[in-house]
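Overview (structure and organization)
Take a look at the letters that make up each chain.
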Amino acid sequence: MTAPDATSSDATAAPATSWRESLAVYLQPRVLIVLFLGFSSGLPLALSGSTLLVWMREAGVDLETIGKFALVGTPYTLKFLWAPLVDALHVPLFTRAFGRRRGWLVFSQLLLIVAILLLAMTDPARSPFYVALAALLVAMTSATQDIVVDAFRVESLPESEQAAGMAAYVAAYRIGMLVSTAGALFIVSGFEGSGIPRPSAWMWGYVVMAAMVLIGTITALVATEPEQSKTADAATQEDTAFTRVLHAAIGAFSEFLSRKDALAALAFVVLFKFTDAFSGTMTAPFVIDLGFTRNDYAAIVKGVGLAATLIGGFAGGFVARRYSLASSLWIGGVVQALANLSFSWLAIVGTNQWALALAICAENFTSAIGTVIFVAYLSALCQNPLHTATQYALLTALAAVGRTYLSAGAGYVAAATGWPAFFMICVLVAIPSLVLLAWLQKRGHFEALEPVRV
């Protein structure tokens, strides 16, 4: 399938930029602010997830109980339910001192620090129930921070910096996750090696992680309140708190659905990353089936793959800055689909570490390009600062449908077709999203993505 003529009228088209200009955008103060906020967002995820599970297993908690802790991540899926509160309500003292978005940022980060410290003081061996409560509190405050950071990023960055900001955010988010997984484990081992008993070593490891959240707090204090947020706050100053929450919740739906081709845009949101999700569900079993070891998987898929993801994220930022949003989506959509062929090739080659590294690099690099461009598109869809947080949380929840539900049948397809054919099918499942992209572009959808004035 060929992309429509990219020279057609497109209000989102960006003038051609040099490599120097494209790299310089990452040094803009607004982008650097988003980068440090990305680190703060990525840091707590593992503290209520994989790192916590290591702590629990070392404490002797049974596997059945550990398995139930997957439910602790529920707030990340349901965060759109309280996003209207973040959009509409003022935090006493904090909003007055720092502004609408920055006030919520500082408030959520302080709550997150308290939650991590509470988790640090629990004992998995004696009271897994209290561990679960503390972990759930960490997840809820972390998800709230994510809501505010997303809204802050969308409102503070001009369109020309959105993709670069997202690339910086993704890179820092991954680094934050690395710090709270491998970094936290090394810190705990260091404390234990210095003679501190294991339970205390875990406690102090989590205390260090809580202190690192201050990086995001300092960033929020240094940042400036987005002008769009100030305008939206002034426009609703006379409304009651209940009215503001109601307008944020209902307005996020009604304003979006009133747009031309809204349902097609929502379908595109669901399907754009489906090709990635469909293949990604089967990556781990595919690698093991080929005969690679767990160490191969950890070193190449998680290690080399992370580096490829970071580089691909910045490449996606360059593409989105240099080309129009529609053209960038074509580039991201096509390359992330075609990268699946590298796995078909690997299935034929067999157990070869260099081939695995090459396939993983191709997949992670192109996936990151698609992700950054896609998030730039989601940001462009959130046009009204009255409910940026709510709309963005809803769109990301909708985008997760492909990853969570539509990909559930990937195992059946792989079992029925075999690995080489399965990954070819993963390329084909990208076609519906590209058809929708062509249709939306023809209908002038991208020309309408202009900020709404309040």
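Before any of the text, the structure's been laid out above.
Computed from a predicted model, the values in this text were never measured in an experiment. (Residues numbered from 1 in each chain as written. Predicted model: local features only at pLDDT ≥ 70, side-chain atom pairs only at ≥ 80, totals over all residues. Heavy atoms only, no water.)

**A short note on the overall build of the chain**
Cut-off, in case you're wondering: Every helix listed is a DSSP run of H or I at least four residues long, and every strand listed is a run of E at least two residues long, numbered separately from the N terminus. For the radius of gyration, the atom set is restricted to C-alpha positions; the globular benchmark scales as 2.2 Å times the number of residues to the power 0.38. Exposed residues in this analysis have more than 50% of their type's maximum accessible area, buried residues have under 20%, and partly exposed residues fall in between, with area computed by a 1.4 Å probe over protein chains only. Throughout, a residue-residue contact means that at least one pair of heavy atoms, one from each residue, lies within 4.5 Å. Where accessible areas are quoted, they stem from the Shrake-Rupley method and a 1.4 Å probe; at the residue level, only the protein chains shown are allowed to cover. For the purpose of charge, His is not counted, nor are the chain termini; Lys and Arg are scored as positive and Asp and Glu as negative. Every charge is mapped to an atom, namely NZ of Lys, CZ of Arg, CG of Asp or CD of Glu.
Regarding its fold elements, the chain presents 25 helices and 0 strands. Over its C-alpha atoms the chain spans a radius of gyration of 22 Å, differing by no more than 12% from the 22 Å that the globule rule assigns to 454 residues. Counting only C-alpha atoms and orienting by the principal axes, one finds that the chain spans roughly 65 × 65 × 40 Å. Across the 454 residues that make up the chain, the buried fraction comes to 53%. Across the chain, every contact between residues at least 6 apart in sequence was considered, and the portion connecting residues at least 24 apart equals 84%. Accessible surface, the chain as shown: approximately 20000 Å² in total, 69% of it carbon and sulfur. Distance between charge centres in the chain, computed from 26 positive and 27 negative side chains, equals 1 Å.

**A short note on the packing of helix α15 (residues 262–271) against helix α21 (residues 353–381)**
Quick reminder of the rule: Where helices are involved, their axes are fitted lines through C-alpha atoms of the stretch in contact, as for all axes, and angles between N-to-C directions lie from 0 to 180°. Angular relationships are summarised with four words: roughly parallel below 35 degrees, roughly antiparallel beyond 145, roughly perpendicular across 65 to 115, and oblique for the angles in between. Each crossing is labelled by how the near helix is turned from the far one, with a counterclockwise turn of less than a right angle marking it left-handed and a clockwise turn marking it right-handed. Side-chain classes follow a simple rule in which Ala, Val, Leu, Ile, Met, Phe, Trp, Tyr, Cys and Pro form the nonpolar group, Asp, Glu, Lys and Arg form the charged group, and the remainder, Gly included, forms the polar group.
Put simply, α15 and α21 touch, their axes get as near as 11 Å, and they point 150 degrees apart. In terms of axis orientation, α15 runs roughly antiparallel to α21. Seen along the crossing, α15 lies across α21 with a hand that is left-handed. Contacts between α15 and α21 pair A265, F268 and V269 from the former with F374, Y377, L378 and L381 from the latter. Among the residues making up the contact of α15 with α21, the classes are represented as 7 nonpolar, no polar and no charged.

**Section: the pattern of salt bridges**
The condition is simple: Definition used for salt bridges: Asp or Glu carboxyl oxygen within 4 Å of a side-chain nitrogen of Lys or Arg.
Per the counting criterion, the structure on display carries 9 salt bridges. Across the pair D123 and R126 runs a salt bridge, and its minimum N-O distance is 3.7 Å. Owing to a relative accessible area of 75%, R126 belongs among the exposed residues under this scheme. D276 is the salt-bridge partner of K273, the closest N and O atoms lying 2.6 Å from each other.

**Description of the environment of A24**
With respect to the helices and strands, the residue A24 is situated in helix α1 (residues 19–24). As a C-alpha pair, A24 and A135 span 111 residues in sequence and 40 Å in three-dimensional space.

**Things to note about the side chain of T219**
Inspection of the secondary structure puts T219 in helix α12 (residues 214–222). Setting aside chain neighbours within four positions, we find T219 in contact with I33, F36 and L37.

**Some remarks on helix α2 (residues 29–42)**
To be explicit about the condition: Multiply 1.5 Å by the residue count of a helix minus one, and that product is the helix's expected span.
Helix length check: α2 (14 residues) gives 20 Å between terminal C-alpha atoms against 20 Å at 1.5 Å per residue, within 8%. Among the residues of α2, V31, I33, V34, L37, G38, F39, S40, S41 and G42 are the ones counted as buried. Residues of α2 that are buried sit in contact with α8 (100–120), α9 (128–156), α10 (159–193), α11 (198–212) and α12.

**Points about the packing of aromatic side chains**
The description of two aromatic rings rests on the distance between their centres and on the angle between their planes. Here is the rule: A pair of Phe, Tyr and Trp rings is counted when the ring centres sit within 6.5 Å of each other, with Trp represented by its six-membered ring. The angle between the planes then sorts it: under 30 degrees is stacked, over 60 is edge-to-face, the rest tilted.
By the definition in use, this model includes 20 aromatic pairs. Between the aromatic rings of Y169 and Y173, the centroid separation amounts to 5.8 Å while the plane-to-plane angle is 40 degrees, which identifies the pairing as tilted. With Y169 and Y173 both in helix α10, this residue pair falls 4 residues apart, about one helical turn. Assigned by exposure class, Y169 and Y173 land together as buried. Grouped by ring-pair contacts, the aromatic residues F274, F278, F286, F343, W419, F422 and F423 constitute a single cluster.

**Remarks on the packing of α15 against helix α25 (residues 431–442)**
Two elements in contact, α15 and α25, have axes whose closest approach is 9 Å; the angle formed by their N-to-C orientations is 145 degrees. As for how α15 packs across α25, the hand of that crossing is left-handed. On α25, the residues touching A264, A265, A267, F268 and L271 of α15 are P432, S433, L436, L437, W439 and L440. Per-class residue counts for the contact of α15 with α25 are 10 nonpolar, 1 polar and no charged.

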